[in-house]
Structure formats: C-alpha cells, structure tokens
There are 2 protein chains.
Amino acid sequence: MEEIRSKDNPRVQLYMKLASQKKARAQEGKFVLEGFKLLQEAVLSGIEVEAAYLTRESLESGREELEALSGVRQAFLVSGAAAGRLAQSRSPQGVYAVCKIPESRFAVNPAGKYIGLWGLQDPGNVGTVIRTADALGMDGVVLSEGSCDLYSLKVLRAAMGSAFRLPVLVTPMEAFLRESGLTSFASVVDTSAPSILDTRFPPGCILLIGNEGNGLSDEQVSKCTHRVTIPMKGRAESFNAAMAATIFIWEMARGMD
Amino acid sequence: MEEIRSKDNPRVQLYMKLASQKKARAQEGKFVLEGFKLLQEAVLSGIEVEAAYLTRESLESGREELEALSGVRQAFLVSGAAAGRLAQSRSPQGVYAVCKIPESRFAVNPAGKYIGLWGLQDPGNVGTVIRTADALGMDGVVLSEGSCDLYSLKVLRAAMGSAFRLPVLVTPMEAFLRESGLTSFASVVDTSAPSILDTRFPPGCILLIGNEGNGLSDEQVSKCTHRVTIPMKGRAESFNAAMAATIFIWEMARGMD
C-alpha cells in the first residue's frame, strides 16, 4: 500500500479543499468523510469511494468496519504530517475517504411524507433531522438551496449514515412546492395557527421547517397550503428547529400506521 | 461607570476561570453568561447577577433587554483586550455577566412528570432537552452527577433561559430513583421492550435517557421500574439522545391532557 507522509501531497491538498469548501465539492463532484462507521455506511449504501486514507493504527485496529474497504478503489497509508492534516474531528480514528457525490435518488411519491428544511444553517440540525426522518420512515428530505451543504462533514456526521440512505433533494424550495403536487404544511410559532394535535397529515405531504433564528418568513409561509403549530405549555418561547422537526416527524409517522 | 481595559484585570481573570472550569464554578458558587437575552432571562428568573460587563457598543445598542440591568448589582464598561477576552461565542454581543448559582428549586411532585439525564456528555443535548422539557410543561429535569455541568455556558446557551426557569436537580441518579418514589422508565433501543405507543406514563413518573454513545447500561436499566422503546421504521440504528428525549417528552406531555 502506497504511503503518504507529506501534508503537501496533492491528495492531502485535495482532501482539505473538499473538506472545507462547498464550492470545491460542487466543482469536483466529490466529498470527504471521516471515521470507520461512516465509511462503512457509505460503501453499504452504494456510494463510490474513490480513495481511502488510513493510518497504520486504524489498519491494525481489527475493526470489522474495515471489511467495507473491499469496496474501495484505492487505499493509501497515511502517516505523520499528512495524517495530522486529514483529521477534522476531535477524536480522529485515522480513517478518511474521498467519495463521489451520488445522483440524488429522490423522487416524489404522491402518497409519501416528506420534511422540507428551508434555510437551515446549522449542520448539526440538518444532519440530525435527516437521521430522525430516516429512523421514523419518512420518504425523503428536501433541503432548500440556501441551507447548509448536505455534503459538509458536520452534516454527514450528525446524520450518522442516514444522509446516504434516505433520499435527499437539494433544490429551490419555492419551485419544489409549486411543482411537486404535495400538500404543504408550514410549521409556525403562532397560537392562532391550527395545532398539530388537530392536524391530520394526508398521504402526499411535506412539512416545512424554517431557519433556526427566525423560523419561516411570512412569504415562505404564504407558499404553503396549510399552517401548523406545536402547542407549548411551559414558558419557553420556542423549540430548537431540530426538536420541532422531531415532533412533526413523529406525528406524521404515527399517522402512517 | 468604571471601565476595564486590561485582560489582566482580576475581574476578567475570574470570569475566564468561571467560564472554563466546572471546579471553579463549584468552589465560587458562581457562573457566567453571555448575551442580551440570557442576561434578561436570568434577571427575570430571579438569578442574582453580581456583575455585568458591557462594551460601549452594547450599551449604545438601545436593546430593550438592557432594562434588565436595573436588577444588576454592579455594571462595568469593558473595552479593548478585556472585552476580547470575555467573548466566548462566535458572534459576541458585548454583554457578559457573573451570576450566583441559585439553590435548586427542584422538589418532587408525587403527580409530576420528569426527565432524567443519566451520564449525558454533550452540553448542546443537555441544554436542548431542558428547553424542550420547559416548552412542553414537564415538572423538572434530573441531571446525574456524571453528566456535563448545568452551568457551563454551552448548556445555558442551548437551554435559552429554560435552565433558569425549569427546576433542575443535579444529584446521584441511582439514589434519586430509589428515594423519590417516582415510577421510572428506562429508554432503551431494544425491539423486545414495550413500545412507547403502548405505554401510559402515570402521574409521578420519570423517563431516563442514557449517554449519547451507549445509551443506558444494563445496570442503569435495572435500577428503573420499566423499560420503553421508540419503534423505528427506517434503517437508522438509533436516535440522537436529544431527539429520543423530545419524542418521550412529547408523549408524556400528551398524556397529561
């Protein structure tokens, strides 16, 4: 296995660019990931792994996830400065990969249930919502173009592999709402809006969650068919965006039984 | 208003120590907070604010939250290196305060509903659960002694003031479960455990959430009266701890109607 030691190696340079720049990911059509589990999830989900970079320690770890490496085109040993440069997480496992961004498998099921994230900026929130939507059997997530990048390492990490499994579409939200034929529900913080407890989510619907700081704007709400709110009993003024999404996903999933 | 310019000023030094060290907070019985909103929430909740540090820009901002300053014992102007040192957040507002840790207002209501966090390590998760528990009208949160510190800035920020409003108890969890008289439910990832959909949460109960990485250990589960699980429909293996807590809180709150 070829060994890479220098942080100036072009492969290390490319990795760093893909890790830090959304624009580079779009241009190259590639993204990076880190960690045993995420690499395994990528391979199992049919993601094309172009190159894997592994420290000697990771190779000698005996972790069963390494079996996934049989699906990897090229693997390199990394050491010294090169390995130090690749590590982005707080407790790096010495496993890094460059992957091809797959074509989105997203397709509108006229009887499906979807979550739409409109302008979310926190990668942890976006990843967590994708994970929850996957766990509760939603048909997909629609991510507005102004939201944070699906293929950022932080989103992928928070999604724990669900970003590879669940169909996700990145698209201008307004056009999607107009053309998809789905019934849309705008989640709002407004006691005069219909309560989630009185709402039935019909087959073929999408629930929209707005930006962390401001929620959905009036204009965004006006593009949706319905409004819906979560009644609050305590004194907190609102929910964290991911928490609100979780409650909506849970209620939508329950309606599917 | 007295002005503090040097980062070596003892008040700045104390602030830094309280901001970074749990031990210092315990010894001094004080914590720090940052931002207009959090300062306002603290004052409105009866937290004793010993000293506030404000940049000229924040004072001239005309923000209505500054009215809360009338409840503050001492206020100082900070500038230059001192102001730079105090800022812990990514977009600092120039508002900092040292507060007294209040006595916990937590008391067991024999008909109440509680959330127990047993060994949670992520301050964002702990803060978010406290915020959600507040918003949905839980009676309190019990935080195990091994969890991350309630008065860390990251917990307070994620809780958005709910850490001041909702009664929170920090205590050894096992003894609490034994002595509180509450019916306890261990949340587990185990398809053989009773589903949350078939569970009624009785008055006087507490739902336990385990560590982010491992969930509740078998030993922790054995200290609880019941087990309960969230059925998963998709392919994700588990929920984020805060997401699981949100679903449980939502279902417990619904049972209170």
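Residues numbered from 1 in each chain as written. Chains lettered and ligands numbered in written order. Predicted model: local features only at pLDDT ≥ 70, side-chain atom pairs only at ≥ 80, totals over all residues. Heavy atoms only, no water.

If you look chain A up in an unreviewed UniProt entry, it shows as RNA methyltransferase from Candidatus Faecivivens stercoravium. Regarding chain A, the relevant UniProt record gives this comment under Sequence similarities (unreviewed entry): "Belongs to the class IV-like SAM-binding methyltransferase superfamily. RNA methyltransferase TrmH family." (UniProt positions renumbered as here; feature names shortened; annotations may be inferred.)

**Observations concerning the relation of the copies chain A and chain B**
Between the two chain copies there is a screw-like relation: a rotation about an axis and a shift along it. Mapping chain A onto chain B calls for a screw motion: a turn of 180° about the axis and a shift of 0.0 Å along it, with 0.0 Å RMSD after fitting. Considering both components of the superposition, the chain copies are consistent with a two-fold axis. Comparing interface residues between copies, 100% of those in chain A also lie at the interface in chain B; the contact surface is shared. (Least-squares fit on C-alpha atoms with pLDDT ≥ 70 in both. Contact = heavy atoms within 4.5 Å.)

**Notes on the sheet that holds strand S5 (residues 95–100) of chain B**
Residue and element names in this part refer to chain B. Pairing is mixed across the open sheet formed by five strands, whose spatial order is S1-S4-S3-S5-S2. This sheet does not close on itself; its edge strands, each paired only once, are strand S1 (3–4) and strand S2 (30–34). Strands S1, S2, strand S3 (49–55), strand S4 (74–78) and S5 of the sheet are contacted by helix H1 (residues 10–20), whose axis makes an angle of about 95° with S2. (Pairing = 2+ DSSP bridges. Helix = DSSP H or I, 4+ residues; strand = E, 2+ residues; numbered from the N terminus. Axes fitted to C-alpha atoms, helices over the stretch in contact; angles between N-to-C directions.)

**Remarks on the interface of chain A and chain B**
Contacts between chain A and chain B engage 34 residues on the former and 34 residues on the latter. Summing the contributions of chain A and of chain B, the shared interface buries around 3000 Å²; its carbon and sulfur component is 57%. For the pair chain A and chain B, the interface holds two salt bridges. In this assembly, chain A and chain B are joined by 10 residue pairs in polar contact (both at pLDDT 80 or more). At the level of secondary structure, the elements contributing two or more residues to the side of chain A that touches chain B comprise helix H3 (36–44), helix H6 (123–135), helix H8 (162–165) and helix H11 (241–254) of chain A. Element by element, the count of residues in the side of chain A that touches chain B is highest for H11(A), at eight residues. Across the side of chain A that touches chain B, the residue classes break down as 15 nonpolar, eight polar and 11 charged. (Buried area = accessible area lost by both parts, 1.4 Å probe. Salt bridge = Lys/Arg side-chain N within 4 Å of Asp/Glu carboxyl O. Polar contact = N/O pair within 3.5 Å; in protein donor to acceptor, adjacent residues only side chain to side chain. Nonpolar A, V, L, I, M, F, W, Y, C, P; charged D, E, K, R; others polar.)

**Some points on H11(A)**
Residues and elements named next belong to chain A. Here H11 spans 20 Å end to end across 14 residues, near enough to the 20 Å set by a 1.5 Å rise per residue. The buried fraction of H11 is high, at 13 of 14 residues. You can read the cap of H11 off the contacts: a side-chain oxygen lies 2.6 Å from the backbone nitrogen of Ala-242, and it is on Asn-240. (Expected span 1.5 Å × (residues − 1). Buried < 20%, exposed > 50% of the residue type's maximum accessible area, 1.4 Å probe, protein only.)

**Brief notes about the environment of Ser152(A)**
Residues and elements named next belong to chain A. Along the chain, Ser-152 falls in the loop between strand S7 (140–144) and helix H7 (153–159). With relative accessibility at 14%, the residue Ser-152 sits in the buried group. Through-space distance from the C-alpha of Ser-152 to that of Lys-22 is 7.3 Å; in sequence the pair is 130 residues apart. Residues in contact with Ser-152, not counting those within four places in the same chain, are Arg-25 and Pro-123.

**Some thoughts on the pairing of strand S4 (residues 74–78) of chain A**
All names here are of chain A. Pairing geometry for strand S1 (residues 3–4) and S4, over two bridges, is parallel. Across the sheet, residue Glu-3 finds its bridge partner in S4, namely Leu-77. Note: strand S3 (residues 49–55) against S4, five bridges, orientation parallel. Its bridge partner being in S4, Ala-51 is matched across the sheet by Gln-74.

**Topic: the packing of aromatic side chains**
Two measures describe an aromatic ring pair: the distance that separates the ring centres and the angle between the ring planes. Residues and elements named next belong to chain A. Summed over the entire model, instances satisfying the criterion amount to 16 aromatic pairs over all chains. Centroid distance Phe-106 to Tyr-114: 5.3 Å. Interplanar angle 50°. Geometry classified as tilted. Three or more aromatic residues joined by ring pairs make a cluster, and in this case those are Tyr-15, Tyr-53, Phe-76 and Tyr-96. (Phe/Tyr/Trp six-rings, centres within 6.5 Å; stacked < 30°, edge-to-face > 60°.)

**Regarding the packing of helix H6 (residues 123–135) of chain B against helix H11 (residues 241–254) of chain B**
Residues and elements named next belong to chain B. Here H6 crosses H11 at 15°, and the two axes come no closer than 9 Å. Looking at the two axes, H6 sits roughly parallel to H11. Considering only the axes of H6 and H11, their crossing is right-handed. Contact with H6, carried on its side by Asn-125, Val-129, Thr-132 and Ala-133, involves Ala-241, Ala-242, Ala-245, Thr-246 and Ile-249 of H11 and no other residues of that element. Class assignment of the residues belonging to the contact of H6 with H11 gives a composition of six nonpolar, three polar and no charged. (Parallel < 35°, antiparallel > 145°, perpendicular 65-115°, else oblique. Left-handed = near helix turned anticlockwise from the far one by under 90°.)

**A word on a positive patch on the surface**
A surface patch of positive charge is lined by Arg90(A), Lys154(A), Arg157(A), Arg90(B), Lys154(B) and Arg157(B). Elements that contribute at least two residues to the positive patch include exactly H7 of chain A together with helix H7 (153–159) of chain B. For Lys154(B), the location among the structural elements is in helix H7. (Patch = residues over 30% accessible without salt bridge, like charges linked within 9 Å, V, L, I, M, F, W, Y side chains within 5 Å. Areas by Shrake-Rupley, 256 points an atom, 1.4 Å probe, with all protein chains shown as cover. Lys, Arg positive; Asp, Glu negative; His and termini not counted. Charge placed at Lys NZ, Arg CZ, Asp CG, Glu CD.)

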